[in-house]
Amino acid sequence: MKSRFITFEGIDGAGKSSQIAAAVALIESRGIQVVQTREPGGTPLGEKLREILLHEPMHLETEAMLMFAARREHLAALIEPALAAGKWVVSDRFTDATYAYQVGGRGLDEARFVALERWVHPDFQPDLTLIFDLDPAVAARRLAGTGQAPDRFEREKADFFQRVRAAYLRRAAAAPQRVRLIDASRKPDEIRAEVEAIILGACFQ
Ligand SMILES: Nc1ncnc2c1ncn2[C@@H]1O[C@H](COP(=O)(O)OP(=O)(O)O)[C@@H](O)[C@H]1O
Ligand SMILES: Cc1cn([C@H]2C[C@H](O)[C@@H](COP(=O)(O)OP(=O)(O)O)O2)c(=O)[nH]c1=O
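Calculation criteria
- Residues numbered from 1 in each chain as written.
- Chains lettered and ligands numbered in written order.
- Predicted model: local features only at pLDDT ≥ 70, side-chain atom pairs only at ≥ 80, totals over all residues.
- UniProt positions renumbered as here; feature names shortened; annotations may be inferred.
- Near = placed C-beta within 6 Å.
- Helix = DSSP H or I, 4+ residues; strand = E, 2+ residues; numbered from the N terminus.
- Nonpolar A, V, L, I, M, F, W, Y, C, P; charged D, E, K, R; others polar.
- Contact = placed C-beta atoms within 7 Å.
- Buried ≥ 20, exposed ≤ 12 C-beta atoms within 10 Å, placed from the backbone.

Where an unreviewed UniProt entry is consulted, the protein appears under the name Thymidylate kinase, with the organism given as Zoogloea ramigera. Comment text from UniProt for the protein, heading Catalytic activity (unreviewed entry), reads "dTMP + ATP = dTDP + ADP". The record in UniProt for the protein states the following under Function (unreviewed entry): "Phosphorylation of dTMP to form dTDP in both de novo and salvage pathways of dTTP synthesis."

See below:
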């Protein structure tokens, strides 16, 4: 069976991390080897860049370029070799997050984003992307409930996350074959059932 690259996206607190383990377990139950990873991160260098990105103040374009630098490494060192070896790769975020956060949230010039995307992965996109869509006010309440210290992105205000959410919705509308929207306001069990149905329908026909 063809290898697949599946990504999970959404604003902070939408609940995607909670669903990734179940999705990975579903795929593994079909006898497929899965590599679970995340962005920014996924490689030793990428995890160092993640620390910097999540905690150091920086210029918007520096932020965008470091996201893509971590991604370049991630593709070369982990994603491409795993797919070539017949494994599936499930990533907590990928390039749609740069569109949503840096272009949508922070106002990065879209042409700069397009140039970086074309440079780093000109002919490559996820096979399937699940975007967890949620009202930022609800997501903020969920995050507050975790009791964890917020990072540089999680400290952003509601209007930032409104723009991130809107950018994700634009990205979904632009690639309806690849991207599925998940109503993340529902109970975890309902969401899990939909995630499983989407993966089975899209990847196991
Ligand atoms: N469907 C849900 N309904 C209510 N709370 C949820 C739901 N999904 C996740 N949560 C809770 O919300 C918080 C953030 O979830 P998480 O999966 O870490 O979000 P994300 O990875 O999208 O930032 C966690 O405390 C989690 O237990
Ligand atoms: C991959 C990526 C992440 N981000 C941001 C979104 C998140 O706030 C943060 C880290 O993502 P994430 O790992 O989802 O954080 P958490 O597990 O705490 O929910 O990085 C960008 O701004 N651009 C990107 O390209």
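A.B. asks: Would you mind showing me how to read the site of ligand 2 here?
C.D. replies: Taken together, 13 residues surround ligand 2, and among them Glu-39, Ala-97, Thr-98, Tyr-101 and Phe-153 come closest. Residue contributions to the shell around ligand 2 peak at four residues, all from helix α4 (residues 95-105). When its residues are assigned to classes, the shell around ligand 2 shows five nonpolar, three polar and five charged.

A.B. asks: Looking at this model, I keep getting lost on the UniProt feature "domain: Thymidylate kinase-like" (unreviewed entry) in the protein. Mind explaining?
C.D. replies: As annotated by UniProt and renumbered to match this structure, "domain: Thymidylate kinase-like" (unreviewed entry) occupies residues 8-194. Taken end to end, residues 8-194 comprises 57% helix and 13% strand; its first and last C-alpha atoms sit 13 Å apart.

A.B. asks: Before we go on, may I ask you to explain the UniProt feature "binding site: ATP" (unreviewed entry) in the protein in this structure?
C.D. replies: Residues annotated by UniProt as "binding site: ATP" (unreviewed entry) correspond here to Gly-10, Ile-11, Asp-12, Gly-13, Ala-14, Gly-15, Lys-16 and Ser-17. Tracing the backbone shows Asp-12 in the loop between β1 (5-10) and α1 (16-28). If we skip the residues at most four places from it in the chain, Asp-12 touches Ala-139, Leu-143, Phe-153 and Glu-154. Mapped onto the elements, Gly-13 comes out in the loop between β1 and α1. In this view, Gly-13 contacts Ala-139, Ala-140, Arg-142 and Leu-143; residues no more than four positions away in its chain are not counted.

A.B. asks: So what exactly am I meant to see when it comes to the site of ligand 1 here?
C.D. replies: Neighbouring ligand 1 are 15 residues, the closest being Gly-15, Lys-16, Ser-17, Ser-18 and Arg-142. Of all the secondary structure elements, the ones that give two or more residues to the shell around ligand 1 are α1, α6 (136-146) and α8 (188-203). Broken down by class, the residue content of the shell around ligand 1 amounts to four nonpolar, seven polar and four charged.

A.B. asks: Just to check I follow, could you spell out the environment of Ala-139 for this structure?
C.D. replies: Along the chain, the position of Ala-139 falls in helix α6. Residue Ala-139 is classed as buried on the basis of its C-beta count, with 23 C-beta atoms lying within 10 Å. Distance in space between the C-alpha atoms of Ala-139 and Pro-176 is 24 Å, their sequence separation being 37 residues. If near-sequence neighbours (up to four positions away) are discounted, Ala-139 is found in contact with Ile-11, Asp-12, Gly-13, Ala-14, Leu-134 and Phe-161.

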